[in-house]
Amino acid sequence: MIIEGSSGLKAGELKAAAKLRYGMVGGGPGAFIGDVHRKAIALDGLAEIVAGCFSRSPENTLATGRALGLAPDRLYKTLEEMAGAEAKRTDKIDFAVIVTPNYDHYAAAKAFLSRGIPVVCEKPLCFEEAEARELVELARKNKLLFGVTYCYTGNPTIKQARELVKRGEIGEITFINAEYPQEWLLAPAEKQGSKQAEWRTDPKTAGKSNSVGDLGSHIENMISYVTGLKIKSICARLDRIGPGRVLDDNATIMLEYEGGAKGVYWTSQVAAGYDNGLRVRIFGTMGAIQWNEETCNYLELFRFGQPNVVLSRGKDPFYPHAQSFSRLPSGHPEGYFESMANVYKTYTGALVKQRNGEELTETDLDFPNGEDGINGVRFIGKCVESSDKGAIWVDF
Ligand SMILES: NC(=O)c1ccc[n+]([C@@H]2O[C@H](COP(=O)([O-])OP(=O)(O)OC[C@H]3O[C@@H](n4cnc5c(N)ncnc54)[C@H](O)[C@@H]3O)[C@@H](O)[C@H]2O)c1
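Residues numbered from 1 in each chain as written. Predicted model: local features only at pLDDT ≥ 70, side-chain atom pairs only at ≥ 80, totals over all residues. Heavy atoms only, no water.

**Thoughts on the sheet that holds strand β7 (residues 231–239)**
Read from one edge to the other, the open sheet built from nine strands follows the order β13-β12-β11-β10-β6-β9-β8-β7-β14, with strand pairing classed as mixed. The open sheet is flanked by β13 (309–312) and β14 (394–395), the only strands paired with a single partner. Bridge count between strand β11 (residues 287–292) and strand β12 (residues 298–303): four bridges; the pairing is antiparallel. Residue pairing in the sheet places Gln290 in a bridge with Glu300 of β12. Against the sheet, helix α10 (residues 211–227) touches β6 (173–181), β7, β8 (250–257), β9 (262–268), β10 (279–284) and β11, its axis set at about 145° to β9. Packed on one face of the sheet, helix α13 (residues 370–388) meets β7, β8, β9 and β14 and runs near 60° to β7. (Pairing = 2+ DSSP bridges. Helix = DSSP H or I, 4+ residues; strand = E, 2+ residues; numbered from the N terminus. Contact = heavy atoms within 4.5 Å. Axes fitted to C-alpha atoms, helices over the stretch in contact; angles between N-to-C directions.)

See below:
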């Protein structure tokens, strides 16, 4: 299979060796993120989809499988059937991609990990921290690479930001201000036929939180990735602004980090004028960094007492690791697909190296993983706990 003759494989070499095979759970007709994953994986041609259970409806799975040109015997009625059957095949999938709504993540990840199949799962990893820990332990015990697609950290500008912070370019971090506003749930979309809104606003399918789970978990992962800060305590107020909503669609979160830095996060799905306004601002004793997902080819670097700088991906010199994730010359926008593709490029590269029996370095493992998944689930739980107790400070 993939193993043939290479070591220290890079993307191109990997392709030459042979493609990995993957299967997908979720991503049926009209689904959002499943198709993003398929296209992102296809961008580098490192893996091909060969199996799937794309929907709870077998007809929808068949329709999606047919459209993707998959063999009918690799289209499955349930994820359990898929995990069981794939594990027995000699040409079984090399990894499973889980892109269902949140409520199925735990069962799906467990089904594949327990049968020795590596997993890439969407965020939030699951509902409960204990479940997340169980999945990570299962992956560790079975020596399986476990990815969780906090995809924004695949962006080269974010890798650059991380490196700048690590090298002390903005001094010691003192304050974080991060926000993720959207406007789409200003309408009662969950009552107007939007599947995505339906499951996100229902605790049975979304979990304990809507906006903190959907958006806040991205912020938590992004800040932890770029700064390395560990949260010490949290004070959160989760709001239900849309009439009749059971779960939050807006949230304000104050944080204290170990070492003394402070932060404020804001998530909203009812913020008029905002499409996908993920913005992070990291302030230090010597400067600051600002990044906005909608203009993600640029990174703003402010050094106290010096002119402000806008670093342009593809034009300005980036540190080599960050640079290696940039694909196009400057001015040709890279964004969401490429960031997701970068997560997969690293993940599949690590899979191949692992199979070749090679030692995996920190660089090889620079993709969001199960530990990040645990942290995300813990973050959501702590925000809900704080809010439910009257927006009091709770230890993290
Ligand atoms: N990383 C990101 O930027 C990002 C963005 C959007 C969504 N997400 C995450 O991706 C997941 C899916 O979100 P979405 O917006 O694509 O949802 P969606 O409703 O658009 O799609 C979900 C798909 O899963 C299928 N499905 C549900 N249960 C299933 C089961 N048991 N077996 C097989 N298929 C099943 C549905 O039929 C549908 O095709 C969520 O966990 C969400 O938080 C992440």
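**Re the pairing of β10**
Here β10 shows one buried face, formed by Val280, Ile282 and Gly284, and one open face, formed by Arg279, Arg281 and Phe283. Here β6 pairs with β10 via six bridges, running antiparallel. Of the residues in β10, the one forming a bridge with Ala178 is Val280. As paired strands, β10 and β11 are joined by five bridges and run antiparallel to one another. Its bridge partner lying in β11, Phe283 is registered against Ala288. Hairpin connection from β10 to β11: two residues lie between these consecutive antiparallel strands. (Buried < 20%, exposed > 50% of the residue type's maximum accessible area, 1.4 Å probe, protein only.)

**A few points about the packing of helix α5 (residues 105–113) against helix α6 (residues 129–141)**
For the pair α5 and α6, interaxial distance at closest approach is 10 Å and the crossing angle is 15°. Regarding the angle of α5 to α6, the classification is roughly parallel. In the packing of α5 onto α6, the handedness of the crossing is left-handed. Here α5 contributes Tyr106, Ala109, Lys110 and Leu113 to the contact with α6, which in turn contributes Glu131, Glu134, Leu135, Leu138 and Ala139. (Parallel < 35°, antiparallel > 145°, perpendicular 65-115°, else oblique. Left-handed = near helix turned anticlockwise from the far one by under 90°.)

**Comments concerning the nonpolar core**
Residues Ile176, Ile234, Ile253, Tyr257, Tyr265, Trp291 and Phe379 are the most contacted members of the largest nonpolar core, which totals 45 residues. Among the elements that line this core, the one with the most residues is α10, at seven residues. Sequence-distant contacts of Tyr257, defined by excluding residues within four places in its chain, comprise Ile176, Ile223, Leu229, Lys230, Ile231, Lys232, Lys262, Gly263 and Tyr265. Counting 33 residues, the second-largest nonpolar core is a separate cluster that includes Val25, Met82, Ile98 and Tyr150. (Core = buried A, V, L, I, M, F, W, Y, C linked by side-chain atoms within 4.5 Å.)

**A few points about the site of the ligand**
Around the ligand lies a shell of 30 residues, among which Ile33, Asn102, Asp104, Gln196 and Tyr336 are the nearest. Phe32 is positioned with one of its backbone polar atoms (N or O) 2.9 Å from an oxygen atom of the ligand. One of the backbone N or O atoms of Thr100 is found 3.3 Å from an oxygen atom in the ligand. Bound to the protein, the ligand loses 91% of the 860 Å² it would expose on its own. In this structure, the ligand is accommodated by the largest pocket. Of all the elements in the fold, those that place two or more residues in the shell around the ligand are β1 (20–26), α8 (195–200) and α10. The biggest single contributor to the shell around the ligand is α8, with three residues. (Near = heavy atom within 4 Å. Polar contact = N/O pair within 3.5 Å; in protein donor to acceptor, adjacent residues only side chain to side chain. Areas by Shrake-Rupley, 256 points an atom, 1.4 Å probe, with all protein chains shown as cover. 1 Å grid on protein atoms, 1.4 Å probe; cavity = no way out; pocket = protein on both sides within 12 Å on 5 of 7 lines; lining within 4 Å. Sits in = over half its atoms within 2 Å of the grid points.)

**Brief notes about empty space enclosed by the protein**
In this structure the tally under the stated criterion is three cavities of 30 Å³ or more. Counted as a void, the largest cavity has a volume near 60 Å³. Lining the largest cavity, in full, are Asn102, Pro124, Cys126, Phe127, Ala206, Gly207, Lys208, Ser209, Gly213, Val377 and Ile380. Of the residues belonging to the lining of the largest cavity, the class tally is six nonpolar, four polar and one charged. (Points joined across faces, edges and corners; volume = space filled by probe spheres on them. Nonpolar A, V, L, I, M, F, W, Y, C, P; charged D, E, K, R; others polar.)

**Let's talk about α6**
Taking 1.5 Å as the rise per residue, α6 with 13 residues should run 18 Å; its terminal C-alpha atoms sit 18 Å apart, in good agreement. Within α6, the full set of buried residues consists of Ala132, Leu135, Val136, Leu138 and Ala139. Considered in projection along α6, the buried side chains sweep an arc of 155° and stay on one side of the axis. Exposed positions of α6 whose direction lies more than 90 degrees from the buried face are Ala130, Arg140 and Lys141. Buried residues along α6 sit in contact with α5, β5 (146–148) and α13. One or two positions beyond α6, positive phi appears at Lys143, with a value near 55°. (Expected span 1.5 Å × (residues − 1). Arc of directions from axis to C-beta.)

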